[in-house]
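Next come the chains, spelled out residue by residue.
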Protein chains: 2
Amino acid sequence: MNTISRIPPAVTETRMANALRFLAMDAVEAANSGHPGMPMGMADVATVLFTRFLNIDPGAPEWPDRDRFVLSAGHGSMLLYGLHHLLGYSDMPADELRRFRQLGARTAGHPEYGHALGIETTTGPLGQGIATAVGMALAERMLNARFGDPLVDHWTYVIAGDGCLMEGISQEAIDLAGHLRLGRMIVLWDDNKITIDGATSLSTSTDQPARFNASGWHTVSIDGHDPEAIAAAIDAARADPRPSLIACRTVIGQGAPTKAGSHNVHGAPLGADEIKAAREALDWPHEPFEVPDDIRAAWGAAAGRGARARAAWEGRIGASGRDAEFHAAHSAPDLGDGMAAHKTMLAETRPSMATRKASEAAIEVLAAALPNLAGGSADLTGSNNTRAKSMRPVTADDYSGDYIHYGIREHGMAAAMNGIALHGGLVPYGGTFLAFADYCRPAIRLSALMGKPVIYVMTHDSIGLGEDGPTHQPVETIASLRAMPNLNVFRPADAIETAEAWECALAEPRTPSVLCLSRQNLPTLDRAVTENLTARGAYLLCDPGNRDVTIIATGSEVEVALKAAVQLAADGIAAAVVSAPCFERFASQPPAYRAEVLGTAPRIGVEAAVSQGWAALLGNHSIFVGMTGFGASAPAADLYRHFGITPERVAAAARSLIA
Amino acid sequence: MNTISRIPPAVTETRMANALRFLAMDAVEAANSGHPGMPMGMADVATVLFTRFLNIDPGAPEWPDRDRFVLSAGHGSMLLYGLHHLLGYSDMPADELRRFRQLGARTAGHPEYGHALGIETTTGPLGQGIATAVGMALAERMLNARFGDPLVDHWTYVIAGDGCLMEGISQEAIDLAGHLRLGRMIVLWDDNKITIDGATSLSTSTDQPARFNASGWHTVSIDGHDPEAIAAAIDAARADPRPSLIACRTVIGQGAPTKAGSHNVHGAPLGADEIKAAREALDWPHEPFEVPDDIRAAWGAAAGRGARARAAWEGRIGASGRDAEFHAAHSAPDLGDGMAAHKTMLAETRPSMATRKASEAAIEVLAAALPNLAGGSADLTGSNNTRAKSMRPVTADDYSGDYIHYGIREHGMAAAMNGIALHGGLVPYGGTFLAFADYCRPAIRLSALMGKPVIYVMTHDSIGLGEDGPTHQPVETIASLRAMPNLNVFRPADAIETAEAWECALAEPRTPSVLCLSRQNLPTLDRAVTENLTARGAYLLCDPGNRDVTIIATGSEVEVALKAAVQLAADGIAAAVVSAPCFERFASQPPAYRAEVLGTAPRIGVEAAVSQGWAALLGNHSIFVGMTGFGASAPAADLYRHFGITPERVAAAARSLIA
């Protein structure tokens, strides 16, 4: 591009970027709400990225080999909506921009996955985008190792702000990305030196490029308003085998005559006067939401480049002979017959085993059936029992493995799993201790909000873990997870329910699952395996017919309930026992089934956790036997006695209810 | 020290360290559970630190000017218990070591604050220790700025493992510590190249010293088994104005003849044979838990140094003339009369204001009464309304301020607040959006587990925040916090309840509080302010006498409930309205009071959140009006209508119940 041409070309990248700026100003003004500063500051970077590099096809937003773009600084959503509008996404006409942040509009306050075409992931909670992108970039390399360059060969670009880099999750993300040498991940950092409270110097002194260098990243610093510098930096990033950070020095709100460069432009409308002055200063004599034809055409040309790339890919996959295999990897998992045989074996042999071990046995069966399983653990492989014998680690030198050593990074793991699931082609699961669900809760919430069926294997699920004590004993964790919308929380009672929970989790198209698994051994229940009863959420495990009391329990406490029922039977009291491995599933059963399971007799609930959430299963005439506070450090059996979660206590509660 | 002496001195630091090694081996063996690898690997470092540098007095474990020691790698708890035993803490006789990890023992699996003398903070969840220590080191400087070197002049030492440094929270901690130039914080990193899964090279490639350098830390790398190198490094760290990382290259399980250096020694007993071989190899011909007299005497001498330092400090404070002021800062906050006058003003003027703004008004009153208030926000000062006008920022150049710009680091903020509260002398509170409670939940859990009255100011507490959408709208967050033991969750309905909630939070000696505050304006309720009714947890706001229905609501939905009651009254239906700002407080009220408030009529619960946890207030004959899934992006009023949280809906529910 000849930058010293005496007659400037009608279309420049700066004018294309100004289109983004005015769409952001106008939409925030119309909504009287939103964040104009970031879209205006990063408009030049986004223009160069989208027009010169990014391969996406607005006509086929889910084309598997597209480049991924993640707006980690999700509050700048108008940047993304403006781009999609200009590129011609069918669901992003000007009217949607006019309805920015209004009920039912596609233009939600933050980019919401599934809410509009081409949104790769939900962002807004800071740091999630960059950490999710690590999963996308990792999935790309893992699938590349399986299918080769002709079918899988794309880039993952991230725009991140200061907030994304200050959040701790970013360290987990960059350490993992650097370690796995994810060279196709490029982070464009909006280095504008401004946060909500004011200058970044109020709260940070970190030399970000030096920090990224320390974790094995390539870094470069540029003027984020210079198109050629931006392009050169992206070229250099693509040429480097390491993941790249491009520090883009920008002015927040660039283009706002008086407010640019101030934190006041971060999250509030500019006001009519400032926008009017901007129109004059930038020579933009167009109505709000109006884009001149030459600019629109230039953006359309950029979209055309992606469409041609997709067409070429369609040709390649058609000729590859691996079309069916590729699409199978991107479709719902097919478990085959292995799990049915496995469950039959369990019902016949009835082993005594921890459900974490039962989960390992289930994973062995699944790994044989699912070549695209992507396992892992946050450094608790031997405790979470997450690795099938056949699994090989994924390394920087060999992405063909199927087991990811996520390190001691629960949050980074969960976000990476979101990224893997969003990318498609692989089925991610990962392990940690249930108590540390808290460490990754913001990413679990995004799994649920986005409706991605990520599987969380969370072992050591109660005081039953024993000596490690209250910091490691989940007491409120199960309730806190059950509180979350669109999350299935499974707490299987034995090896069969564990296998069933895995079947359920893998069959879910749009709901993530948490498997809460015991450290301690549990007996295999005496029941038929013809139906997946865990899928029902709760079922009658032991039905004496005309019952006097119903004991409902989950996980390791089902054994306690069964023993209590035996004690009650000795007194002539007929106790039904209900195993309730998944409250969410049970809530969705037909009323008649629920009534049949719950019965009309008084009820006892038993779970080594707080009672919150049990009201859904217990009626007025009921007693809950569980925990009322934090646990303690001692052998598990001592703790169960100490906290009174015993058959004797349950039986006494039953007697008191029916007295 | 002459290391080539032909006749080795009877007592060497290596032998003192070996005492720690055998106590750890023996205790883990006796418990058949625990982590010997870290205590054995870091025994030399701990010995040098405790004998040559650390000023603590086992006879006065809470002496305010003591050095703080944080075992961030809390699984190595036997290192701490061994140290306390050898230093002569009165509650740590050999019998306690023999009862390691048993019910009722002081020697819990992980160090539990308050469970044994001298434990500065609960650790085990990785990364919390180092981040908590930042708060301690910051508190030291802030109090030094107030009271001067003679009264406040101590160090904060941390032993951290690879896990602590891989957790994202560590980045938030080191960025904050480097920015605030907390030169009195020294982290001794157990650089043993081993994690649970195996070599650290499985999951990380970060150059940790380079990473710390990037955030403004002084760093040095040493042989962690060389006492003189350790001492020289600590000397250098103390001489440097920056916070310091000392990378101590160690062998995990040092002293175990065949298992040292392997991840197998991390978290399992060594076994009798290996321990026997270690006794031979290290020339330690003593019974389990036996410490030879010369070694015990040498450790006793180290304790004596701390006792003398304390005595000198007692002399200084006695002579300072600031004894009373110093002790007042370390005692329960005295709010004076300002808050009573403030509440009276509110009851008279009845402003319409967001509870976040009401909280700001309360903070203004508190800041005038409490010179040791330490405010802050995770970069949302103007949104959380957490800063009183008088407050000045704490900076690296001036620690006399009282407002901390924590940056976009919710987790680091919460952990730092734990550290400030544990340190004593200051009253910490900090703000973020309620949805981002998830980002700091592991640290909130430690506030609750340790019983430290940290105050979390969490604004934008429902769909009432409007356009930012579901990522920012807490729907399950309130329930997830109510699930946590020993945490008071306040959701005030107006400015008066907000002031009362602040009074409650500050009066709690051993319970942290979360204040859930609205973004949107709310009317001030028409009620007397003679009693703090929020302290009751719930109260009758509107009592028609012979009630037909009781409507219970919290926060912004109390207004909805009151309007519904008016609509019902027009139909001749007598609706009582209960405001329930704190479920936990209400649960602790006498049964008669609870019965009076709840009444016997059918009940409606109203809260713009999921219903989990409401069973405690609602009986069998009840309806809950709230949320059943995630929110959406739109103006708040549209969302309330969309999700049906309206007076009309509440009134209709009431009619259906009493029909």
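This one's a predicted model, so the numbers in the text were calculated from it and none came from an experiment. (Residues numbered from 1 in each chain as written. Chains lettered and ligands numbered in written order. Predicted model: local features only at pLDDT ≥ 70, side-chain atom pairs only at ≥ 80, totals over all residues. Heavy atoms only, no water.)

Caption draft 1: Just the packing of helix α14 (residues 338-349) of chain A against helix α15 (residues 355-369) of chain A, in detail. Residue and element names in this part refer to chain A. Between α14 and α15, the shortest axis-to-axis distance is 9 Å and the interhelical angle comes to 150°. With respect to α15, the axis of α14 lies roughly antiparallel. Our pair here, α14 against α15, has a crossing hand that is right-handed. In contact with Gly-338, Met-339 and His-342 of α14, α15 contributes Ala-361, Ala-362, Val-365 and Leu-366. When the residues that make up the contact of α14 with α15 are grouped by side-chain class, the tally is five nonpolar, two polar and no charged. (Axes fitted to C-alpha atoms, helices over the stretch in contact; angles between N-to-C directions. Helix = DSSP H or I, 4+ residues; strand = E, 2+ residues; numbered from the N terminus. Parallel < 35°, antiparallel > 145°, perpendicular 65-115°, else oblique. Left-handed = near helix turned anticlockwise from the far one by under 90°. Contact = heavy atoms within 4.5 Å. Nonpolar A, V, L, I, M, F, W, Y, C, P; charged D, E, K, R; others polar.)

Caption draft 2: Structural context of the confidence of the model for chain A. Residue and element names in this part refer to chain A. Looking at chain A as a whole, the pLDDT averages 96, with 98% of positions reaching at least 70. Counted against residues more than four places away or in other chains, residues 1-8, with its pLDDT under 50, gives three contacts. The ipTM for the predicted assembly is 0.97, set against a pTM of 0.98. (pLDDT = per-residue confidence, 0-100.)

Caption draft 3: Structural detail: the relation of the copies chain B and chain A. The two copies are related by a screw motion: chain B maps onto chain A through a turn of 180° and a shift of 0.0 Å along the axis, at an RMSD of 0.0 Å. Taken together, the rotation and translation relating the two chain copies correspond to the operation of a two-fold axis. Comparing interface residues between copies, 100% of those in chain B also sit at the interface in chain A, which points to an isologous, same-surface contact. (Least-squares fit on C-alpha atoms with pLDDT ≥ 70 in both.)

Caption draft 4: The arrangement of the pattern of salt bridges in detail. Residues and elements named next belong to chain B. Taken as a whole, this structure holds 77 salt bridges over all chains when the rule is applied. A salt bridge links Glu-314 to Arg-310, with the shortest nitrogen-to-oxygen separation between them at 3.1 Å. On the criterion of helical spacing, the pair formed by Glu-314 and Arg-310 is a turn pair, its members being four residues apart in helix α12 (residues 293-320). Given a relative accessible area of 24%, Arg-310 falls into the partly exposed group. The salt bridge partner of Glu-531 is Arg-536, with a shortest N-O separation of 3.1 Å. Accessibility expressed as a relative area gives 36% for Glu-531, which makes it partly exposed. (Salt bridge = Lys/Arg side-chain N within 4 Å of Asp/Glu carboxyl O. Buried < 20%, exposed > 50% of the residue type's maximum accessible area, 1.4 Å probe, protein only.)

Caption draft 5: Layout of the sheet that holds strand β12 (residues 455-459) of chain B. Residues and elements named next belong to chain B. Taken together, six strands build an open sheet; the order of strands is β10-β9-β11-β12-β14-β13 and the sheet is parallel. The sheet is open, and its two edges are formed by β10 (403-405) and β13 (488-490), each paired on a single side. Averaged over all pairs of adjacent strands, the angle between strand axes in this sheet comes to 20°, irrespective of strand direction. Where strand β11 (residues 427-433) lies against β12, five bridges are found, and the strand directions are parallel. Counted as the bridge partner of Tyr-429 is Ile-455 from β12. (Pairing = 2+ DSSP bridges.)

Caption draft 6: View of the interface of chain B and chain A. With 88 residues of chain B at the interface, the matching set in chain A holds 88 residues. Carbon and sulfur atoms make up 55% of the surface buried where chain B meets chain A, a total of about 7400 Å² over both sides. Here chain B and chain A share six salt bridges between them. Arg-441 of chain B serves as the salt-bridge partner of Asp-438 of chain A, at 3.0 Å between the closest nitrogen and oxygen. For the interface between chain B and chain A, the tally reads 54 residue pairs in polar contact (both at pLDDT 80 or more). Broken down by element, the side of chain B that touches chain A gets its largest block of residues, eight residues, from helix α18 (residues 437-450) of chain B. (Buried area = accessible area lost by both parts, 1.4 Å probe. Polar contact = N/O pair within 3.5 Å; in protein donor to acceptor, adjacent residues only side chain to side chain.)

Caption draft 7: How the structure looks around the UniProt feature "active site" (unreviewed entry) in chain A. The UniProt entry lists Glu-410 of chain A under the feature "active site" (unreviewed entry), expressed in the numbering used here. Beyond its immediate sequence surroundings of up to four residues, Glu-410 of chain A is in contact with Glu-172, Ala-378, Thr-432, Phe-436, Tyr-439 and Cys-440 of chain A together with Glu-167 of chain B. (UniProt positions renumbered as here; feature names shortened; annotations may be inferred.)

Caption draft 8: Main features of the packing of helix α15 (residues 355-369) of chain B against helix α20 (residues 495-507) of chain B. All names here are of chain B. Orientation of α15 relative to α20, taken along the N-to-C sense of each, is 50°, at an axis distance of 8 Å. Here α15 lies oblique to α20, going by the angle between them. Judged by the twist between their axes, the crossing of α15 over α20 is right-handed. When α15 is examined against α20, the residues Thr-355, Ala-358, Ser-359, Ala-362, Ile-363 and Leu-366 are found in contact with a partner set consisting of Ala-495, Thr-498, Ala-499, Trp-502 and Leu-506. Across the contact of α15 with α20, the residue classes break down as eight nonpolar, three polar and no charged.

Caption draft 9: Representation of the environment of Ala-160 of chain A within the structure. Tracing the backbone shows Ala-160 of chain A in strand β2 (residues 156-160). What Ala-160 of chain A contacts, discounting residues up to four positions off in sequence, is Ser-72, Ala-73, Leu-165, Val-187, Leu-188, Trp-189 and Asp-190 of chain A.

Caption draft 10: How the structure looks around α12 of chain B. Residue and element names in this part refer to chain B. With 28 residues, α12 should reach 40 Å at 1.5 Å per residue; the first-to-last C-alpha distance of 40 Å fits that figure. Taken as a whole, α12 has its buried residues at Ile-295, Ala-298, Trp-299, Ala-302, Ala-303, Gly-306, Trp-313 and Ile-317. Structurally, α12 contributes buried residues whose contacts are with α1 (13-31), α3 (43-53), α4 (77-87) and α13 (323-329). (Expected span 1.5 Å × (residues − 1).)

Caption draft 11: Highlighting the sheet that holds strand β13 (residues 488-490) of chain A. All names here are of chain A. The strand order across the open sheet built from six strands is β10-β9-β11-β12-β14-β13, with neighbouring strands paired in parallel fashion. The outermost strands of the open sheet, each flanked by one partner alone, are β10 (403-405) and β13. Geometrically, the sheet is characterised by an average inter-axis angle of 20° between neighbouring strands, direction not taken into account. Alignment of strand β9 (residues 373-377) against β10, held across three bridges, turns out to be parallel. Within β10, the residue paired with Gly-376 across the bridge is Ile-404.

Caption draft 12: View of the side chain of Asn-372 of chain A. All names here are of chain A. By the secondary structure assignment, Asn-372 is in the loop between α15 and β9. Accessibility expressed as a relative area gives 9% for Asn-372, which makes it buried. A distance of 3.0 Å separates a polar atom in the side chain of Asn-372 from the backbone oxygen of Ala-329. Not counting residues within four places of it along the chain, the set of residues in contact with Asn-372 comprises Ala-329, Gly-425, Leu-426 and Val-427.

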